[in-house]
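Notes for the structure review
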Amino acid sequence: MSDENKTPESTPAPPPEASGQAPAPPAAPEAPGSTPAPAAAAPAGGPPPPEEPQGPTTARELPLKALAAKRIVQLTGCTRCGECLNWCPVWDQDQREDILPRRKAADFLRIIKGQHGVLARLAGKDEGGARQALARLLGHRQVTEDQVQEFAKNLYECSTCGQCEIVCPAHLDTVGMWEEIRRIMVMAGYGPLPPQKNLVKSVKSYDNPWQQPRASRAMWARRAKKEGVIADTPPEIKKTKGKVLLFFGCTASYDANVRQVAVSTVNILTALGIDYGILGNEERCCGSVLLRMGDPEFARIAGQNIAQFNGLGIDTLISACSGCFKTIKEDYPRVGKLNFEVMHTAEFFHRLLEGGRLKLVNPVERTVTYHDPCHLGRASGVYDAPRAIMAAIEGLNLVEMPRNRQYSRCCGAGGGLKSGYPDIQNKMSQARIREAEATGAQELVSCCPFCYQGLQVGIGALGSPLVARDLTALVEAALIKK
Ligand code: SF4
Ligand code: SF4
């Protein structure tokens with residue numbers, strides 16, 4: 001899945017707090033609040049009564065029971081060493097301590113302790129009573145609405161790129177933690193952030209995050225055939241009973257700017273005579289948006305998709321979208337068993353290359369650099385397959401950026417960051433584009449429609465001459481004589 005550059009839906013305006021260098025808001029006051037008494041009615045004709053001072057509102061309780069116990073252990077495992085701040089691409093653009101893993105872990109633990117700790121239990125609901133006074137004396141502070149809302153903003157200012165996980169000396173599963181804490185926040189009504197809600201709503205209503213009708217999901221193929229860029233519309237797997245399911249994902253299906261990924265993939269599979277099929281309008285969002293933003297409905301969507309895929313009798317599901325690939329391969333098995341293999345198209349083509357079926361015969365004379373998508377690289381460990389394919393293309397010169405493979409700098413498109421904090425994403429993308437430009441490459445290759453959109457933001461903002469290219473376009477050029 002991806003966020004949008006020129007996607008059918010428009011990017012929501014950033015919230016006021018999203019500006020890159022906004023100063024940290026003042027810490028929420030720790031004094032206990034009391035529900036403000038309703039103001040007394042003004043006597044007719046008399047002066048209005050003096051305003052009652054407004055105390056902080058008590059936050060809604062986060063459902064601690066819904067959090068796996070191991071997460072609490074992991075959160076307390078952060079040594080606050082700060083190694084992650086040397087690498088976090090969001091911190092590079094917004095240097096606020098509040099968004100760092102160590103601070104998010106500490107803030108969440110403070111909230112949980114304030115709502116569910118021993119002193120919180122002692123205070124109970126005895127507002128203003130003796131038990132609460134005693135709890136206060138012992139150090140208990142109520143958790144305020146402001147505190148939790150501020151924490152939510154910081155929690156969502158993260159692309160879930162997983163870089164902190166790679167460098168963390170304590171080996172914390174940070175992305176898993178953030179996603180699970182987001183789920184708790186959503187359950188309590190604190191997430192996702194208002195600008196992110198449209199994406200989530202759209203997935204639930206339309207089975208895609210772009211507010212597009214289900215019935216137009218496969219329309220790109222009809223148009224592509226009419227324009228002559230594909231020989232025929234791809235076969236529907238229900239009719240062909242093919243053994244390979246090509247899962248396009250929402251972005252390649254609906255975003256005309258990313259259509260090339262779908263076109264090239266279809267052309268390659270057709271040229272190789274692969275017995276494949278697609279779901280057409282019956283394909284639904286993989287649910288990545290919901291999972292990354294913490295929406296518990298992910299399990300329902302994943303369950304539906306698993307049942308649909310398992311019922312097809314396929315051997316392999318392939319996807320050119322790194323987000324869909326990671327979600328189906330790594331996250332679905334936690335919801336239900338898959339009776340087929342899941343591969344990214346880069347892996348699938350690499351297998352065909354090694355087996356001698358894919359012959360990259362046409363030279364492609366150009367210098368390129370490669371951006372490892374977070375979901376394909378760090379999250380799934382696929383680094384070599386795309387590089388091996390590029391190495392097999394005659395005339396193609398791959399120059400690596402300093403941050404590559406597991407240290408690849410995130411373009412900011414994922415984790416809801418692009419919709420929640422578009423300014424930050426824009427700066428992150430520019431940072432990556434500058435790094436790519438410095439290699440002297442003409443093209444910036446990646447393996448994900450989501451990254452394609454994310455990188456385009458930086459290319460546009462900088463007016464860069466770099467051309468973003470999906471790997472499938474290179475394979476098509478090397479395979480098929482035009
Ligand atoms: S997942 Fe990425 S963006 Fe989020 S805190 Fe870790 S390094 Fe920063
Ligand atoms: S690198 Fe790990 S242990 Fe160190 S501050 Fe970051 S999350 Fe905590």
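Residues numbered from 1 in each chain as written. Chains lettered and ligands numbered in written order. Predicted model: local features only at pLDDT ≥ 70, side-chain atom pairs only at ≥ 80, totals over all residues.

**Observations regarding the pairing of strand 5 (residues 366-370)**
Here strand 5 pairs with strand 6 (residues 396-398) via three bridges, running parallel. Looking across to strand 6, one finds that Val-368 is bridged to Leu-398. Read as a crossover between parallel neighbours, the route from strand 5 over helix 18 (residues 384-391) to strand 6 is right-handed. The sheet contact formed by strand 5 and strand 7 (residues 443-446) spans three bridges and is parallel. (Pairing = 2+ DSSP bridges. Helix = DSSP H or I, 4+ residues; strand = E, 2+ residues; numbered from the N terminus. Right-handed = clockwise from strand over helix to strand, strands pointing away.)

**As for the confidence of the model for the chain**
Low pLDDT marks stretches whose predicted atomic positions should not be read closely. Here the chain shows a mean pLDDT of 88. Residues at 70 or above account for 88%. Of the regions scoring below 50 in pLDDT, residues 1-45 engages in 96 contacts with residues more than four places distant in sequence or in other chains. (pLDDT = per-residue confidence, 0-100. Contact = placed C-beta atoms within 7 Å.)

**A short note on helix 8 (residues 174-187)**
Owing to its 3.6 residues per turn, the α-helix brings residues three or four apart onto one side. Over its 14 residues, helix 8 extends 20 Å from the first C-alpha to the last, a length consistent with the 20 Å expected when each residue adds 1.5 Å. Elements in contact with the buried residues of helix 8: helix 1 (69-76), helix 3 (101-116), helix 6 (145-155), helix 7 (163-167) and helix 14 (288-293). Residue Gly-189 follows helix 8 closely and has a positive phi angle near 85°. (Expected span 1.5 Å × (residues − 1).)

**Things to note about the sheet that holds strand 6**
If you trace the four strands from one edge of the open sheet to the other, you get 6-5-7-8, paired in parallel fashion. Pairing within the sheet leaves two strands with one partner each, and these edge strands are strand 6 and strand 8 (467-470). Strand after strand, the sheet turns through a mean of 35° between neighbouring axes, direction not considered. Strand direction decides the pairing type here: strand 7 and strand 8, joined by four bridges, are parallel. Paired with Ser-446 across the bridge in strand 8 is Asp-470. (Axes fitted to C-alpha atoms, helices over the stretch in contact; angles between N-to-C directions.)

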